[in-house]
Amino acid sequence: MIDVSNDAYIARIAICEAAAIIQGAMTAPHVLYKPTLMPDGIKWCALFGENLQEGVAGFGDTPAEAMAEFDKAWVSQLTPAAIIARK
């Protein structure tokens with residue numbers, strides 16, 4: 001009789017890791033909030049909001065880079081009032 005318990009364990013781990021990657025991709029801020037993507041000079045801009053002063057934006061050489069920078073800004077950017085209060 002062949003023992004496949006280790007193979008089954010390895011397969012379960014691979015499935016769990018793939019599910020975590022998919023969940024991370026599906027819950028990224030640029031996926032959830034769908035910022036507007038537009039060219040801005042020689043860069044791409046991903047903007048959520050009416051303008052750069054009040055919204056959240058990311059810039060990059062490619063749309064993917066702009067979205068990645070948007071995700072970083074989404075989790076770290078302070079509100080305009082909070083920025084003024086820190087000064």
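Everything below is about the structure shown above.
What you are looking at is a predicted structure, and each value in this text was computed from that prediction instead of being measured.

Ala46, Val56, Ala66, Met67, Phe70 and Ala73 together form the largest nonpolar core, which totals 6 residues. The greatest single-element share of this core, amounting to 4 residues, is contributed by helix H3 (residues 63-76). Residues within four places of Met67 in sequence aside, it is in contact with His30, Pro35, Leu37 and Ala46.

Spatially, the 3 strands line up as an open sheet ordered S1-S2-S3, and their pairing is antiparallel. This sheet does not close on itself; its edge strands, each paired only once, are strand S1 (36-40) and strand S3 (56-60). Direction aside, neighbouring strands of the sheet carry axes that sit 25 degrees apart on average. Here 5 bridges tie S1 to strand S2 (residues 43-48), and the two strands are oriented antiparallel to one another. By the bridge assignment for S2, Thr36 is matched with Leu47.

This part takes up the packing of aromatic side chains. Across all of its chains, the model carries 4 aromatic pairs by this definition. Here Phe48 and Trp74 contribute two aromatic rings whose centre-to-centre distance is 5.3 Å and whose plane-to-plane angle is 85 degrees, an arrangement assigned as edge-to-face. Taken as a pair, Phe48 in strand S2 and Trp74 in helix H3 lie far apart in primary sequence, 26 residues in all. Clustering of aromatic rings is evident, with ring pairs tying together Tyr33, Phe48, Phe70 and Trp74.

Reading the values: the criteria
- Residues numbered from 1 in each chain as written.
- Predicted model: local features only at pLDDT ≥ 70, side-chain atom pairs only at ≥ 80, totals over all residues.
- Heavy atoms only, no water.
- Core = buried A, V, L, I, M, F, W, Y, C linked by side-chain atoms within 4.5 Å.
- Buried < 20%, exposed > 50% of the residue type's maximum accessible area, 1.4 Å probe, protein only.
- Helix = DSSP H or I, 4+ residues; strand = E, 2+ residues; numbered from the N terminus.
- Contact = heavy atoms within 4.5 Å.
- Pairing = 2+ DSSP bridges.
- Axes fitted to C-alpha atoms, helices over the stretch in contact; angles between N-to-C directions.
- Phe/Tyr/Trp six-rings, centres within 6.5 Å; stacked < 30°, edge-to-face > 60°.

Interpretation note: all reported values are geometric properties and have no functional meaning in isolation.
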